[in-house]
Amino acid sequence: MKKIASYIIIGSMAFSAVSCSDGWLDVEPSTAVETDKSINELSDVDIMLNGIYTTMQNAYAYSGRLVYYGDACGDDMMAYSSTKRTGNYYTFNFTKDTAPSSFWSYPYEMISLCNIILTKIDNVETKEEELRDYYKGQALALRAMFLFDLTKFYGYPYKKDNGASLGVPIVLSVLDKEAKPKRNTVAECYKQVIDDLKAAITAMDNDEGKSFHKGHINLFGAQTLLSRVYLYHGDDSDAFDMATQAIKGAETEGYELWTNAEYATAWGNDASNGTKGEVLFEIVNTTDDSPGKESLGRLHSPSGYKDICLTSSFYALLNEDPDDVRLNLLEYSSKRAFVKKYQPQDGEEIMDANIPLIRLSEAYLNAAEAAVKTGDNPSAVKYLNAIVSRANPANSVEGSTVTLDRVMTERRKELVGEGHRFFDALRDGGSVDRHDVKGQSKISSTKHYITKAEKMNFSWDYYKCVLAIPKAEMDANSNMLQNPLYDSSKDNE
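So, how was this worked out
- Residues numbered from 1 in each chain as written.
- Predicted model: local features only at pLDDT ≥ 70, side-chain atom pairs only at ≥ 80, totals over all residues.
- Heavy atoms only, no water.
- Helix = DSSP H or I, 4+ residues; strand = E, 2+ residues; numbered from the N terminus.
- Rg over C-alpha atoms; globule rule 2.2 N^0.38 Å.
- Contact = heavy atoms within 4.5 Å.
- Areas by Shrake-Rupley, 256 points an atom, 1.4 Å probe, with all protein chains shown as cover.
- Lys, Arg positive; Asp, Glu negative; His and termini not counted.
- Charge placed at Lys NZ, Arg CZ, Asp CG, Glu CD.
- Expected span 1.5 Å × (residues − 1).
- 1 Å grid on protein atoms, 1.4 Å probe; cavity = no way out; pocket = protein on both sides within 12 Å on 5 of 7 lines; lining within 4 Å.
- Points joined across faces, edges and corners; volume = space filled by probe spheres on them.
- Buried < 20%, exposed > 50% of the residue type's maximum accessible area, 1.4 Å probe, protein only.
- Phe/Tyr/Trp six-rings, centres within 6.5 Å; stacked < 30°, edge-to-face > 60°.
- Lys NZ or Arg CZ within 6 Å of the ring centre and 35° of its normal.

> Give a description of the overall build of the protein chain that names residues and reports values.
If you tally the helices and strands in the protein chain, you get 21 helices and 8 strands. Expected size for 493 residues packed as a compact globule is a radius of gyration near 23 Å; at 22 Å, the protein chain falls within 12% of this value. Along the first, second and third principal axes, the C-alpha atoms of the protein chain reach 65 × 55 × 45 Å. Intrachain contacts of the protein chain at a sequence separation of at least 6 include 73% that bridge at least 24 residues. If you sum the accessible surface of the protein chain, you get close to 18,800 Å²; carbon and sulfur atoms cover 46% of it. Each charge sign in the protein chain was given a centre, from 53 positive and 72 negative side chains, and these centres are 7 Å apart.

> Got a sec to walk through the environment of Val466? Specific residues and values, please.
Secondary-structure assignment places Val466 in the loop between strand E8 (457–458) and helix H21 (471–476). Through-space distance from the C-alpha of Val466 to that of Gln343 is 31 Å; in sequence the pair is 123 residues apart. Contacts of Val466, omitting those with residues within four sequence positions, involve Phe153, Tyr154, Gly155, Tyr156, Asn483 and Tyr486.

> Now, about helix H12 (residues 236–252): what can you tell me, with residues and values included?
Compared with the 24 Å implied by 1.5 Å per residue over 17 residues, the 24 Å span of H12 between its first and last C-alpha is a close match. On its buried face, H12 sits against helix H9 (186–203), helix H11 (219–233), strand E2 (279–283), helix H16 (360–373) and helix H17 (377–391). Backbone geometry just downstream of H12 places Gly254 in the positive-phi region, at approximately 105 degrees.

> Please give an account of empty space enclosed by the protein that cites residues and values.
Empty pockets left among the atoms are what a rolling probe the size of a water molecule brings to light. Applying the stated criterion to the full structure yields 8 cavities of 30 Å³ or more. By volume, the largest cavity amounts to about 180 Å³. Surrounding the largest cavity, 15 residues form its lining, Asp149, Lys152, Arg228, Glu418 and Gly419 being those nearest its centre. Counting only elements with at least two residues in the lining of the largest cavity, the list comes to helix H4 (65–72), helix H7 (129–154), H11 and strand E6 (355–359).

> Requested: an account of H4, with residues and values cited.
Think of an α-helix as turning once every 3.6 residues; residues three or four places apart then point the same way. Within H4, 8 of the 8 residues are buried, leaving the element largely enclosed by the surrounding structure. For H4, every residue scored as buried is listed here: Arg65, Leu66, Val67, Tyr68, Tyr69, Gly70, Asp71 and Ala72.

> So what's going on with the packing of aromatic side chains? Residues and values would help.
In the structure shown here, the tally under the stated rule is 35 aromatic pairs. Residues Phe92 and Phe458 carry aromatic rings whose centres are separated by 5.3 Å and whose planes lie at 90 degrees to one another, so their mutual orientation is edge-to-face. Of this pair, Phe92 sits in the loop between helix H5 (87–90) and helix H6 (102–120) while Phe458 is found in strand E8, placing the two residues 366 residues apart along the sequence. Measuring from centroid to centroid gives 5.3 Å for Phe458 and Tyr462, while their planes differ by 50 degrees, and the two rings are tilted. Judged by its relative accessible area of 5%, Phe458 falls in the buried class. A residue is classified by how much of its surface remains accessible, and Tyr462, at 7% relative accessible area, is buried. Here the guanidinium or amino end of Lys152 rests over the ring plane of Phe423, the centre of that ring lying 4.4 Å away.

Spatial relationships are all this shows, so hold off on functional conclusions.
As structure tokens, then:
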């Protein structure tokens, strides 16, 4: 894969692919020509946004790799075997020469498309000002999401050194193809992510931004994402305010937590303006427009690639309450437990399942976590209890003092399989603790097969908790610096 600046060419081609019936192969991939001609009216912006969502849909992006990395590298899920697609991430079996490039290339490709929109959209003349603002808000929110994820993949957690270590290059404009940007610090990356999300929320604070747009991020998705970013950054009061705003606004507009009765099957519902459910932002896949057999649906399914399963330690944790509704999301095969959150809608195949990226449940958990961290126990009880009692109506945290460990345990149970655990375990200075729990008869074949202690139990000091900058980027960009220890002999151990 070529260096960052070349992804703008891919972005231009992506626009041409969705806007020209003759196909992208007929278009010269010239950055200057394409970006000058790409956006003249709102319909052009809509096409460009659809190009971004289409790229997100790829199995190497948010229908697959960019999500399951956070599960495979953690302690609640594991690769079925070392030969599976998730195997290299679970075993951290990569070096500076073999580290995956798609974690770098896809986000930057999509950032390039966002930048084309943001460079042009203020000059688009239209009477539909709310729609223009909503489009701008989407581009800002998506650019923030991609930069946030890049920072998580390649930069150490912010709280490790208050963001002093290197993150990734911040790219806010259309780059010349010969550009060689340097890495910004993690602190600078977080500032940009927060600034973009705040601007997105302002732009989307209108009827268009609050409306249901299937497969498109809206105001409440952006607010929930910002509350997540604030937690990673240590802005707990801001995280609480943003999460509670998202909850109040979303529920006013008809979103609601799934009930206990519908939870096990709601993942396959066809959300609409009349039945919004709790998914605030999802990748929409269909039979005619599917990421294919590499998608999360097939990777998680025993009837698919059977790629990633629960660890015995997490299975034991979830089974501490035999009546937890989330146990109904498990599917068993080969004495292992698989998560069936990626359920296809009626008439579709498992590989066509939609991919929820932001849910109302997370907003509740973000609010509860932030409340604990700011010493607001009544609010912690209120927001955590909604998730606890939904999982089992016989349970409640009312009348108790909610601890951070209690919230994070519930977060593990609720968000397993959605790409959070690895980052949640490390972002506050905690650790990934991989160990086997015996006596789990239904999954008796489940056992960690890693032998090195440093890969079984590690903190943010483990150098492979961040990815190596891809070799192609290092070769092409003389200003690029590699992450620590990847250039040492230890990297080949």
